[in-house]
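Structure at a glance
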Amino acid sequence: MLKKPRCVGMLSRLLYHSVTLTFNLQQLIFLGLAFVCLTPLITAPLALTLGLAIALTVRNPFPQVSKQISRQVLKGCVVLLGFGMDLAIVLKVGRSSALFSILTIGMTLLLGQWLGTRLKISHKISILISSGTAICGGSAIAAISTVIGAAEQEISIAMGTVFLLNAVGLYLFPLLGHTFHLSAEQFGLWAGVAIHDISSVVGAASYFGVEALNTATAVKLARSLWILPVSLLFSRLIRPHDTATRSGEFSQPVQVPWFICLFLLASVARSVIPAIADWSPTITQFSKIGLKLALFLIGAGLSAKTLKSVGWKPILQGVVLWIIVSLCSLGIILFLGLTH
């Protein structure tokens, strides 16, 4: 008599427990909603909302795994977007917005430090929130935290603050863009400057069509390149004994996000290989589907504990800083007619 393969037995037991146990029912709900986010029925903001609903009700049954997956899926989606963008456009946006980036990043960092001092917030938390607002949200916080020796709790507070504002920006910016009658080009530039993370930038810009999406992605990725010089700046400004970790070791070297390089390579491939250009609409569609899954997982990563740990002062600093940056950048775009 043939023996049943071991993997079949394991699968049978897994299906049985998934149906009969409450905890596994929680897993089924989570996985079911994650699958639904891959369908055309769900938009990017709704995917984030479903993730938040899961986090604050039945809770995320896979907190560590979903956190890792969301990061990799998001980076992969950004790389796939590169296949839909001509390299000439990417370089044009980065070159023409360089001065704008220097001014807005410098202003945000200085203003953030002033607000942090006035609110008596931890110096390192203030640096992380200011850097996340100025450059590219969580990626900037993760990179700069390594050179200033930020503790895990300080990183968590900064990440929580930026995450909350990201969720608001994903819903609010498209509404404001239509209210101010921004063109796709103008909205893409504004979203790339004023929204923190690439996930919310792409999600918000997708409402304004392909042109806005391409502009916003290029602007945000161009700003992401400023992680390196800003990190080096803080490594010089913060005293050596402040950058030491609790174990007495110094922080690790600054790491530039690898997906930026892959995005540029994908854009090069799209520009020089005609077959890729023909497939770019399909590839872009896959990136949008993956983005919805990433947003769902990001939303599911929030917890009541994270919200409680943030406190009101860092949130106030983040909100005030964000409002000022958003209004100033919008004013420059509207009154000076600034586009890429």
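Up top you'll find the structure we're talking about.
Residues numbered from 1 in each chain as written. Predicted model: local features only at pLDDT ≥ 70, side-chain atom pairs only at ≥ 80, totals over all residues. Heavy atoms only, no water.

1. Remarks on the overall build of the protein chain
What counts, and what does not: Under the DSSP-based scheme used, a helix requires at least four consecutive residues in state H or I and a strand at least two consecutive residues in state E, with every element numbered from the N terminus. With a 1.4 Å probe rolled over the protein chains alone, any residue whose accessible area is under 20% of its type maximum counts as buried; one over 50% counts as exposed, and the rest are partly exposed. By definition in these notes, contact holds between two residues if any of their heavy atoms fall within 4.5 Å. Only the protein chains shown count as cover for residues, and the accessible areas themselves come from Shrake-Rupley with a 1.4 Å probe.
Looking only at helices and strands, one finds 17 helices and zero strands in the protein chain. A burial count over the protein chain gives 48% of its 340 residues as buried. Within the protein chain, counting contacts between residues at least 6 apart in sequence, those at least 24 apart form 82% of the total. About 17100 Å² of surface is accessible on the protein chain, with carbon and sulfur atoms providing 70% of the total.

2. Considering the environment of lysine 92
Note that lysine 92 resides in helix α5 (residues 87–96). Each C-alpha atom, one on lysine 92 and one on alanine 218, is 9.2 Å from the other, the two residues being 126 residues apart in sequence.

3. Observations concerning a nonpolar patch on the surface
Basically, it comes down to this: Residues form patches when they are more than 30% accessible in relative terms and have no salt bridge. Like charges link within 9 Å. Nonpolar side chains (Val, Leu, Ile, Met, Phe, Trp, Tyr) link within 5 Å. A carboxyl oxygen of Asp or Glu within 4 Å of a side-chain nitrogen of Lys or Arg is what we treat as a salt bridge.
A contiguous nonpolar surface patch, about 300 Å² in accessible area, is contributed by Leu25, Leu28, Ile29 and Val58. The residue isoleucine 29 is located in helix α2 (residues 22–36) in this model.

4. Structural notes on the packing of aromatic side chains
Note the cut-off: Centres within 6.5 Å make a pair out of two Phe, Tyr or Trp rings, where for Trp the six-membered ring is used; the pair is then stacked when the planes are under 30 degrees apart, edge-to-face when over 60, and tilted otherwise.
Tallied over the full model, the rule gives six aromatic pairs. Centroid distance phenylalanine 187 to tryptophan 190: 6.3 Å. Interplanar angle 75°. Geometry classified as edge-to-face. Of this pair, phenylalanine 187 and tryptophan 190 both sit in helix α10 (residues 184–194), three residues apart, which is roughly one turn of that helix. The exposure class of tryptophan 190 is buried, given its relative accessible area of 2%.

5. Details of helix α6 (residues 98–119)
Residue pairs spaced three or four apart in an α-helix point in one direction, given the helix's 3.6 residues per turn. Selection criterion: Helix span is expected to be 1.5 Å times the residue number reduced by one.
Over its 22 residues, α6 extends 31 Å from the first C-alpha to the last, a length consistent with the 32 Å expected when each residue adds 1.5 Å. Every buried residue of α6 is accounted for by Phe100, Ser101, Thr104, Ile105, Thr108, Leu109, Leu111, Gly112, Leu115, Gly116 and Leu119. Those residues of α6 that are buried are in contact with α7 (123–134), α10, α12 (210–224), α13 (227–237) and α17 (312–335). Count one or two residues on from α6 and you reach lysine 120, which has phi positive near 60°.

6. Concerning helix α8 (residues 138–148)
α8 sits mainly inside the fold: eight of its eleven residues count as buried. The complete set of buried residues in α8 reads Gly138, Ala140, Ile141, Ala143, Ile144, Ser145, Val147 and Ile148. Among the residues trailing α8, glycine 149 stands out with phi positive, at a value near 65°.

7. Details of the nonpolar core
Which entries qualify depends on this criterion: The set of buried Ala, Val, Leu, Ile, Met, Phe, Trp, Tyr and Cys residues whose side-chain atoms join them within 4.5 Å is what this entry labels a nonpolar core.
Among the nonpolar cores identified, the biggest contains 43 residues, and Leu48, Phe173, Phe187 and Trp190 are the most heavily contacted of them. For this core, the elements supplying multiple residues, two or more each, are α3 (44–56), α4 (63–82), α9 (152–179), α10, α11 (198–205), α12, α15 (274–300) and α17. At seven residues, α10 tops the list of elements feeding residues into this core. Among all residues touching phenylalanine 187, those that are not within four sequence positions of it are Phe173, Pro174, Gly177, Leu182, Ala204, Ala205 and Phe208. Grouped together as the second largest cluster of nonpolar side chains are 25 residues, Ile125, Cys136, Ile227 and Val230 included.

8. Remarks on the environment of leucine 33
Structurally, leucine 33 can be placed in helix α2. Spatially, the C-alpha atom of leucine 33 lies 8.4 Å from that of glycine 51, the residues being 18 residues apart in sequence. Non-local contacts of leucine 33, meaning those with residues more than four positions away in its chain, are made with Ile54 and Phe296.

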